[in-house]
Amino acid sequence: EAVRRVLLLGEGNFSFAASLCGAAGTHVVATCYESEEEVCGRGQAAENIRRLRAGGAEVVFSVDCTKLKDYFLPEEREFDCIYFNFPHCGRKAGVVKNRELLAHFFHSSAEVLTEDGEVHVALCNGQGGTPADQPRREWHNSWQIVAVAAGAGFILSNVHPFKAEAIRGYKCTGYRSQDKSFCIDGALNHIFTRSTPLPYFKPMICQIELESQKVSFQVPQVLVDKINRGFLELNSNHPVQTVKEKLTAELSQAFPLQNIDYCLSLLHRGHLNDICHSNIFWIIPSPEETPSTEEMANGVANAVLFSHVDFCGDTAKNGYVNVQEGCHISNQYYLRPSLLPCARAVIQRGAFIPGTVHILSGLVFRKCLIAPYSMPVFHEVVFVCAVNRDAENSCIQMLVNSIKASIHSLHQTVSGFKLNITSQEATSFETTELNDFAAFESHLSKIRYLICMEIDTSGSCEKGSCVGIIRTELVSSELVVVFASLNLDLLAMLICGISDWRMLWTSDTRFLRQFPRGELRLFKSFSLYPPSYVHDVSFWVPDGEQFDEVAFHTIARQVSGETVASIRLIDSFQQSEMGRKSLCYRLTFQSCDRALSRQEVAEMQLLFREEINQGLRVTLR
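Thresholds applied
Residues numbered from 1 in each chain as written. Predicted model: local features only at pLDDT ≥ 70, side-chain atom pairs only at ≥ 80, totals over all residues. Heavy atoms only, no water. Helix = DSSP H or I, 4+ residues; strand = E, 2+ residues; numbered from the N terminus. Buried < 20%, exposed > 50% of the residue type's maximum accessible area, 1.4 Å probe, protein only. Contact = heavy atoms within 4.5 Å. Areas by Shrake-Rupley, 256 points an atom, 1.4 Å probe, with all protein chains shown as cover. Pairing = 2+ DSSP bridges. Axes fitted to C-alpha atoms, helices over the stretch in contact; angles between N-to-C directions. Core = buried A, V, L, I, M, F, W, Y, C linked by side-chain atoms within 4.5 Å. Salt bridge = Lys/Arg side-chain N within 4 Å of Asp/Glu carboxyl O. Parallel < 35°, antiparallel > 145°, perpendicular 65-115°, else oblique. Left-handed = near helix turned anticlockwise from the far one by under 90°.

A few words now on the overall build of the protein chain. For the protein chain, the count of helices and strands is 14 helices and 26 strands. Considering the protein chain as a whole, with its 621 residues, one finds that 50% of them fall into the buried category. For the protein chain, the proportion of contacts with a sequence separation of at least 24, taken over those separated by at least 6, is 71%. Carbon and sulfur atoms make up 48% of the accessible area of the protein chain, which totals about 29,300 Å².

What follows deals with the sheet that holds strand S4 (residues 79-85). Taking strand neighbours across the sheet as the criterion, the 7 strands line up as S3-S2-S1-S4-S5-S7-S6 in an open arrangement whose pairing is mixed. Each of the sheet's edge strands pairs with one partner strand only, and the pair in question is strand S3 (58-60) and strand S6 (154-161). Looking at each pair of strands side by side, their axes are set apart by 20 degrees on average, direction ignored. In the sheet, S6 pairs with strand S7 (residues 188-194) via 7 bridges, with the strands oriented antiparallel. Bridge assignment links Asn158 to a residue of S7, and that residue is Ile191. Each of strand S1 (4-9), S4, strand S5 (113-123), S6 and S7 touches helix H4 (residues 95-110); the most contacted strand, S5, lies at about 155 degrees to it.

Attention shifts here to unusual backbone geometry. Note the cis peptide between Gln134 and Pro135, where omega equals 0 degrees. Looking at the element boundaries, Pro135 is found in the loop between S5 and helix H5 (145-150).

Counting residues in hydrophobic clusters, the biggest one holds 89 residues, and the most contacted among them are Phe217, Leu335, Phe365, Phe383 and Ile498. Element by element, the count of residues in this core is highest for strand S18 (residues 377-388), at 9 residues. Grouped together as the second largest cluster of nonpolar side chains are 28 residues, Cys65, Val121, Trp143 and Phe154 included.

A few words now on the pattern of salt bridges. Considering all chains together, one arrives at 13 salt bridges under this definition. Linking Arg502 and Asp500 is a salt bridge whose minimum nitrogen-to-oxygen distance equals 2.8 Å. Its relative accessible area of 10% is what places Arg502 among the buried residues. Across the pair Glu562 and Arg557 runs a salt bridge, and its minimum N-O distance is 3.1 Å. In this structure Glu562 comes out as buried when scored by relative accessible area, which is 9%. A relative accessible area of 3% means that Arg557 is categorised as buried.

Direction vectors running N to C along helix H13 (residues 549-560) and helix H14 (residues 598-615) enclose 140 degrees, while the axes themselves pass 9 Å from each other. The orientation of H13 with respect to H14, classified from their angle, is oblique. By crossing handedness, the relation of H13 to H14 is classed as right-handed. Contact residues: Phe552, Ile555, Ala556, Val559 and Ser560 in H13; Met604, Leu607, Phe608, Glu611 and Ile612 in H14.

Encoded structure:
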């Protein structure tokens with residue numbers, strides 16, 4: 001069995017190190033900043049050092065915590081855990097100097113820590129600046145430990161009280177660089193782990209078969225890391241797949257089921273009902289070209305960027321496509337915003353069995369404003385059932401009841417919060433007799449029910465979130481089709497207590513490890529109290545032009561790698577002389593799963609300013 005290597009820094013009298021010495025499977029390396037002569041003059045230090053050496057531990061003196069790799073040979077730089085209890089620059093050093101100390105320490109620790117290692121930092125009550133501190137200091141007066149650690153690629157994964165009384169023989173010392181104790185009531189131990197690095201995704205080309213022709217299209221940059229993730233594959237343990245399986249199993253108790261297993265096209269074209277054109281990801285497909293030998297060798301066959309493409313007289317640059325008035329929308333392609341057209345196609349082809357529920361599932365894409373529950377891409381499942389008109393109401397009721405029962409069943413696997421499911425009659429109107437599907441296509445469907453969930457998880461989840469819609473559409477004088485469209489991502493979030501949709505797409509393996517195959521559990525975040533950074537941007541909107549706020553948010557998503565958590569309009573005014581309008585927005589950057597540093601955010605903000613200036617033709621102030 002591998003021996004766990006533990007490094008202790010800044011030991012005052014080595015009492016903490018002595019308490020760890022002798023633990024099975026652990027090799028202790030205890031260090032301090034002072035010389036051996038200085039330390040041995042402190043009470044109990046000489047005895048603790050003797051015990052450590054007798055127990056096989058290493059004791060090293062005059063170690064600078066900001067230059068750790070200088071004290072160990074390359075083969076000795078793999079520590080599984082690093083402890084730094086109550087770090088301090090000494091004397092009356094203020095919060096700024098101690099932040100700098102921590103910053104250099106974290107960078108140094110990253111050079112001697114194993115990939116899965118932990119860094120433990122104990123701080124006095126209030127110093128850390130996190131909500132775990134009670135009372136909590138003002139941010140500017142704290143050591144801002146989570147933000148400082150983020151600069152070196154660390155995230156706070158756990159925090160708990162530092163219980164000195166539970167550590168045999170421990171005595172704190174070092175108050176203002178003297179052999180004096182200090183108050184550690186309410187002290188906290190902060191446990192940091194490595195973050196996965198902020199990703200850089202190359203532009204990507206997706207190759208598909210479209211209308212009997214192989215074509216390629218540029219994937220919008222904001223979606224590059226979300227295409228082909230395989231969350232709904234049969235062997236997936238992702239919670240969205242588990243939710244789908246549980247829903248399907250419950251429905252099978254009331255209806256015969258049939259999966260629609262043919263490939264659903266990512267691209268659609270034609271008229272758009274109920275969806276604003278500004279919410280669509282417009283696509284320009286082109287005939288597939290064989291990648292060159294050099295491209296294949298470099299692994300970029302699927303990472304080609306179109307420099308520009310003419311689209312209705314405008315230019316699509318860097319993935320932005322503007323649809324102008326006069327364009328024939330029915331001839332343009334777009335990423336599917338819903339699976340309902342696919343479901344309607346099944347009915348149109350007559351490839352259905354009345355009374356059987358047909359199941360379609362997959363990704364759908366919609367540009368949207370930035371919010372914790374607003375998703376530019378999510379997994380939709382559509383249940384389709386054609387029934388006689390006189391059985392319409394009973395079919396709807398059975399679907400609603402089955403979905404409710406399934407969600408209640410899921411809830412039983414996840415304890416610790418209250419759940420309430422409601423279904424409410426939505427806006428409805430008279431359905432006219434339509435005898436052909438073409439006429440029906442242009443007719444608005446009758447939305448019968450909204451299925452909502454209310455979950456109380458101590459404020460971590462939104463209440464009253466709509467997870468599904470039940471629609472009915474008339475196919476003929478005899479048949480009515482009932483569609484149940486559900487957002488699997490939102491459902492998984494609400495059931496598992498995931499407060500941010502971005503977490504569903506994390507590449508950090510600690511997320512999926514919490515969900516064994518076929519099980520749903522209450523999610524425990526591995527990144528606590530992530531730092532947030534606020535930047536404002538103000539600009540002039542061209543005279544007479546309507547500002548596209550959705551495009552503004554989409555650019556923010558792209559340049560930040562989805563690290564913009566919120567955008568809020570904080571000021572606007574009209575300049576009477578020039579007739580132009582000024583807008584000022586506040587952007588809050590915060591990652592839910594990765595370390596995000598102040599410097600990285602500053603670079604993102606500069607890039608964002610450039611992109612909105614070019615892409616939206618605004619004049620920066």
